[in-house]
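The residues making up each chain are set out below.
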Amino acid sequence: MDVITRHLGEFGDGLLITVELTLLSLAGALVAGVIVAAMRVSPVAALRAAGTAYVETLQNIPLLVWLVLAVFGLPEIGVMAGLFTTAVIVISLYQGAYMAEAVRSGINAVPVGQGEAARALGLTFTQSLRMVILPQALRTVVQPLGNIAIMTIMNTALAAAVGVVELTAAANRVNLAEAQPIWIFVTAGLLYMALSACAGLTTGALERKLAILR
Amino acid sequence: MSAARVLFDEPGPRARRRIRVATVLTVLAGLALLGLALRQFADNGQLAADRWRPYGTWPMWRYLLDGLKSTAFAAVVAIALSMAAGIVLALGRLSPSRWVRLPSAAYVEVVRTIPALLLVYVVLFALPKYGLDMPLFWKLVVPLSVSNAAAFAEIFRAGIQSVERGQLEAGLAVGLTRGRAMRMIVLPQAARRVLPSLISQSVGLVKDTSLGFVVSYAELLYSGKVLANYNHLLIQTYLVIALVYLVINATLSKVARTVEERNAGRVRGAGRGRAQRLRGERALRERVGAGA
């Protein structure tokens, strides 16, 4: 047990990086997701095609391949960015594809009459989406967004494979130094469970506050 | 009106003009992005023909296809193991006995919130210390099966719960044991209903096999790493590999969507059948009523 207390600093730093990665990526993914979902329901066929292509490409290639491509590949074509920044951007874009699908299902769940009423009032497509459809759509997908948040927590661990020292990598380093795997990996697992529980509780609270009963 | 078109009406002349402008802008933006990327590639000498030519040759592809074969093998074994475990866990979670129900639920809830990479590290660095040193293949497949079993369990549970209670009750009524009624009546229907989810979870598992990169198991991504170390065509290699993953997983996802549509069609068809039957029965009742 004292192996954990001796390395509290490493675990704390790792946990902090995981939380930062998760929160920044989620924020980025929400922005990307809303934009792509809006593209996929727009009247412009080219935008719809671009949105579909984005989702298909991002979802069907493993996140680890994206991370490797960005971290090791981009410097080869002269794009230099910090490791952490690169990881945040890649995870944001990847989760953005899943976010887009969730938001789109929310948009489809908004009754057709809402969109028709907005148009009858003379709102343009962008206005009706921004002021009528999206606020209702986002409220109905709180639960799916919570699942994506948990998935994002899990996926930030992959950043360890390209050198970001987040929780998983920190646990691995401590283990390489101390060779007491059980305590170290169980602690890391418990921390991940705690993070997911936090995400779950936040989702539940938001859901109770925001959900529209239909 | 298709689902994609609920948010706008049939465009008039002005809207059509606006759509044309937006289309041109979209295409221009796409071309600009492509141009920017190509310029970055060209400026750094990555567009040179001899940096791409190797990927038109057979030995290179044979090497990558070997990696792909290992990916497929690992994925198939992991899918089989985790589906089997998933069925057991799902049945366990729905079991009438608390001593079966609680451990199954605990397994699913715990494993669902632990990253696969952490499990891979456990298998790589913790288990050998306790004398369990598996071959590379199992070092990849075991953690993936452990983590995906929980996901499959939830899918199967949803499927079993979606089968009407009467099915199980009818099975019990004709004298089957609970186990046999589950196996012969409920599970086949449940599996058919959740087939699309099973396929998309399998696509996720195929993506997870890229963790072979960490395990040094020679699946597609790790093969790419070895190849790139050898020929120094780093970005080209990884782009080709990304393309291979894209083609395979997009195909599988397409299969999932097709199955989903067919399923939906079958359910609608069944609904129509019942409606017709009900109408027929009502007509019969009316006729009988009129006769009486």
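Only a predicted model underlies this, so the values are computations on that prediction, with no experimental measurement involved. (Residues numbered from 1 in each chain as written. Chains lettered and ligands numbered in written order. Predicted model: local features only at pLDDT ≥ 70, side-chain atom pairs only at ≥ 80, totals over all residues.)

1. Focus: the overall build of chain B
Scanning chain B for helices and strands turns up 12 helices and 0 strands. Going from N to C terminus, chain B has its helices and strands arranged as α-α-α-α-α-α-α-α-α-α-α-α. Here chain B holds 292 residues, and the buried ones make up 32% of them. (Helix = DSSP H or I, 4+ residues; strand = E, 2+ residues; numbered from the N terminus. Buried ≥ 20, exposed ≤ 12 C-beta atoms within 10 Å, placed from the backbone.)

2. Quick word on the overall build of chain A
Of the regular secondary structure elements, chain A holds 10 helices and 0 strands. Shown N-terminal to C-terminal, the secondary structure of chain A runs as helices and strands in the order α-α-α-α-α-α-α-α-α-α. With the principal axes as the frame, chain A shows a C-alpha extent of 70 × 45 × 20 Å. Considering only contacts within chain A whose residues lie at least 6 apart along the sequence, 78% involve residues at least 24 apart. (Contact = placed C-beta atoms within 7 Å.)

3. Things to note about the UniProt feature "domain: ABC transmembrane type-1" (unreviewed entry) in chain B
The positions that UniProt labels "domain: ABC transmembrane type-1" (unreviewed entry) are, in the present scheme, residues 68–256 of chain B. Strand forms 0% of residues 68–256 of chain B and helix 83%; the C-alpha atoms that close the span are 21 Å apart. (UniProt positions renumbered as here; feature names shortened; annotations may be inferred.)

4. Structural notes on the packing of helix α9 (residues 167–178) of chain A against helix α5 (residues 116–126) of chain B
Packing of α9 of chain A against α5 of chain B leaves a shortest axis separation of 10 Å and a crossing angle of 15°. When the axis of α9 of chain A is compared with that of α5 of chain B, the two are roughly parallel. Here α9 of chain A runs over α5 of chain B; the crossing is right-handed. Here Thr168, Asn172 and Asn175 of chain A of α9 of chain A come into contact with α5 of chain B, specifically with Leu117, Leu118, Tyr121 and Phe125 of chain B. Looking at the contact of α9 of chain A with α5 of chain B residue by residue, the classes come out as 4 nonpolar, 3 polar and no charged. (Axes fitted to C-alpha atoms, helices over the stretch in contact; angles between N-to-C directions. Parallel < 35°, antiparallel > 145°, perpendicular 65-115°, else oblique. Left-handed = near helix turned anticlockwise from the far one by under 90°. Nonpolar A, V, L, I, M, F, W, Y, C, P; charged D, E, K, R; others polar.)

5. Focus on the UniProt feature "transmembrane region" (unreviewed entry) in chain B
Residues and elements named next belong to chain B. Taking the numbering used here, the UniProt-annotated feature "transmembrane region" (unreviewed entry) corresponds to residues 21–42, 72–94, 106–127 and 233–252. Secondary structure across residues 21–42 divides into 100% helix and 0% strand, with the first and last C-alpha atoms of the span separated by 31 Å. Helix makes up 95% of residues 233–252 and strand 0%, whereas the separation of the span's terminal C-alpha atoms amounts to 29 Å.

6. Here's the deal with the UniProt feature "domain: ABC transmembrane type-1" (unreviewed entry) in chain A
The sites that UniProt annotates as "domain: ABC transmembrane type-1" (unreviewed entry) are residues 15–203 of chain A. Annotated as 82% helix and 0% strand, the span residues 15–203 of chain A places its first and last C-alpha atoms 20 Å apart.

7. Notes on the nonpolar core
In this structure, Leu64, Val65 and Leu67 of chain A together with Leu117, Leu118 and Val120 of chain B are the most contacted members of the largest nonpolar core, which totals 129 residues. Sort the elements by how many residues they give to this core and helix α5 (residues 83–109) of chain A lands first, with 13 residues. (Core = buried A, V, L, I, M, F, W, Y, C linked by C-beta atoms within 7 Å.)

8. What to know about the UniProt feature "transmembrane region" (unreviewed entry) in chain A
Residues and elements named next belong to chain A. Residues given the UniProt feature "transmembrane region" (unreviewed entry) here are residues 21–41, 61–94, 148–170 and 182–206. Structurally, residues 61–94 comprises 68% helix and 0% strand, and the distance from its first C-alpha atom to its last is 9 Å. Split by type, residues 182–206 is 100% helix and 0% strand. Its first and last C-alpha atoms lie 36 Å apart.

9. Brief notes about the interface of chain B and chain A
Taken together, the 45 residues of chain B in the interface contact 48 residues of chain A. Elements with a minimum of two residues in the side of chain B that touches chain A: α1 (13–43), α5, α10 (212–215) and α12 (234–291) of chain B. Take the side of chain B that touches chain A: its biggest share by element is 10 residues, from α12 of chain B. A class-by-class count of the residues in the side of chain B that touches chain A yields 31 nonpolar, 10 polar and 4 charged.

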